[in-house]
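In case you want the letters, here they are:
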Amino acid sequence: MLSKRNKEALFNPLSKENPVLVQILGICSTLAVTVSLEPAIVMSISVIAVLALSNVIISLIRNTIPTSIRIIVQLVVVAALVIIVQQFLIAFDYDVSKQLSVFIGLIITNCILMGRLEAFALNNSPWPSFLDGIGNGLGYGIILVIVAFFRELLGSGTILGFKVIPQWCYDHGYMDNGLMILPPMALITVACIIWVHRARNTDLQETSN
Amino acid sequence: MNKNSNTYQILYAAVMVVLVGTALAFIYMSLKPRQDENIANDKRRQILSAVHVTVPEDSIRDAYKQYITAGMVVDQQGEPVDTTLEAAFAVDMSKENKLPADQRKRPVFVGTMTDGSTKYIIPVYGAGLWGPIWGYIALNDDGNTIYGANFSHQGETPGLGARITEDAFQQEFVDKRLYKNDQFLSVEIVKQGQKPTNDADYVDAISGATITSRGVGSMMHSGLELYDGFLKKLQNNNTNNQ
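Residues numbered from 1 in each chain as written. Chains lettered and ligands numbered in written order. Predicted model: local features only at pLDDT ≥ 70, side-chain atom pairs only at ≥ 80, totals over all residues. Heavy atoms only, no water.

**Observations concerning the packing of aromatic side chains**
All names here are of chain B. Note the cut-off: Stacked, edge-to-face and tilted labels apply to pairs of Phe, Tyr and Trp rings (six-membered ring for Trp) whose centres lie within 6.5 Å, assigned for plane angles under 30 degrees, over 60, and everything in between, in that order. Numbering of helices and strands runs from the N terminus; a helix is a DSSP stretch of H or I covering at least four residues, while a strand is a stretch of E covering at least two. Buried means the residue's accessible area, taken with a 1.4 Å probe over protein chains only, is under 20% of the maximum for its type, while exposed means over 50%, and partly exposed covers the values in between. Only Lys NZ and Arg CZ are tested; either one counts as a charge over a ring when it is within 6 Å of the ring centre and within 35 degrees of the ring normal.
Using the criterion set out here, one finds 12 aromatic pairs over all chains in the structure. Plain terms: the ring middles of Tyr 64 and Phe 89 are 5.9 Å apart, the flat faces sit at 70° to each other, and that makes the pair edge-to-face. You can see Tyr 64 sitting in helix H2 (residues 60-67) and its partner Phe 89 sitting in helix H3 (residues 85-90), a full 25 residues away along the chain. With relative accessibility at 8%, the residue Tyr 64 sits in the buried group. Here a set of aromatic residues connected by ring pairs shows up, and it is made of Phe 151, Phe 169 and Phe 173. The ring centre of Tyr 147 lies 4.1 Å from the NZ or CZ of Lys 119, which sits over that ring.

This is the structure we're talking about:
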């Protein structure tokens, strides 16, 4: 079930091959949906689901896809899955679907998806492709959740909508940092995470020459 | 079979599109009743919010029944053409917005508050920066003073235009007047520190969201102007009663 290669497909994207931190993919949605934790979590779950399923589907039909239209086939599969996710959200979690609005649709253009389909699913059997999808989705989701955690905590003083910064802090002059809610701070937060990550993984650091 | 022949490619694409299309249509149809219910419930929430009633998700229906006691559709002169709440609720403002003024349906929701006062809730519809914006304006029974307002949008920029949905912005409209000396002026939305050129009541625009703010202003002006007949009647009734 989990050979060495499969384990790599599942766990490498969490750190050493993280799509956001190392490959700098999927940044657009990292900026957009991380103002608070709840949409970030739903977005992560949606991306994991779409990525794993589209990896499996493409992997299953990989031997039938004509090479010259493979990108179109990938797009159709991803777009169909995204629409399904969107419809389910409208039916079962309307508030979140309103918050995510266009970003769910934009999963289609999330570079991580096409990247994984091209680089992995087209050349591998369904089970490793599924693990690769889960791994990359998780790698993306972890970063999304970390960024959203800090932005919601520092920007609104809440976690998942619950006040966590006690009232006496505000009474003594503490203020929520409104800047954290604006998109640029997501970029800076991601940069800080990359900084910490590179500092701990010296082999990822580029040499200057 | 040659995978790169034209026939194979065309057949492949055609079969794929038919399969995917069928699957999506099936999913859409089976989820539609639930989605419609959610959308209707969200509309109820927005209407309630215009009269400062906020309740948890699962009690929206009950609160709506309790507070929104009547509804009607009025014509250009303010005469009711339909006096059921269902008719008012069923009007699709995005479609009405495209019709010429004299053909439009003008829905009005009547709210009865716990203190016994009557509020008239008028839906408005307009354009923001990226897509449609809409709102519900609740007026006191003098047909002039705003009791509350609720705005929604489809895809305005988070943190900028999307802030029209925030309480801080919506609260600014409370107690503003639409008419001065029997003249319809609406409520102007101006840059902070500025004043409108006419005598109209005004609120501060959202900084960084000029287009969306302007959109709210023109939506209120053009939307409420349509109810001129209805509002004039309310004003006359009110002065007669005093």
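**Focus: the interface of chain A and chain B**
In plain terms, the rule: Note on contacts: a residue pair is in contact if any heavy atoms of the two residues lie within 4.5 Å. For any pair of parts, buried area is found by adding up, for both, the accessible area (1.4 Å probe) each one loses once the two are put together. By salt bridge we mean one thing: a side-chain nitrogen of Lys or Arg within 4 Å of a carboxyl oxygen of Asp or Glu.
Contacts between the two partners involve 24 residues from chain A and, on the opposite side, 21 residues from chain B. Approximately 2100 Å² of surface area, both sides summed, lies buried where chain A meets chain B, with 64% of it carried by carbon and sulfur atoms. When residues of chain A are sorted by the area they lose upon contact with chain B, Gln 87, Ala 91 and Tyr 94 of chain A head the list and together hold 23% of the total. Inspection of the chain A/chain B interface yields 0 salt bridges. Mapped onto the side of chain A that touches chain B, the elements with two or more residues apiece are helix H4 (70-92) and helix H5 (94-105) of chain A. The element that contributes the greatest number of residues to the side of chain A that touches chain B is H4 of chain A, accounting for 10 residues.

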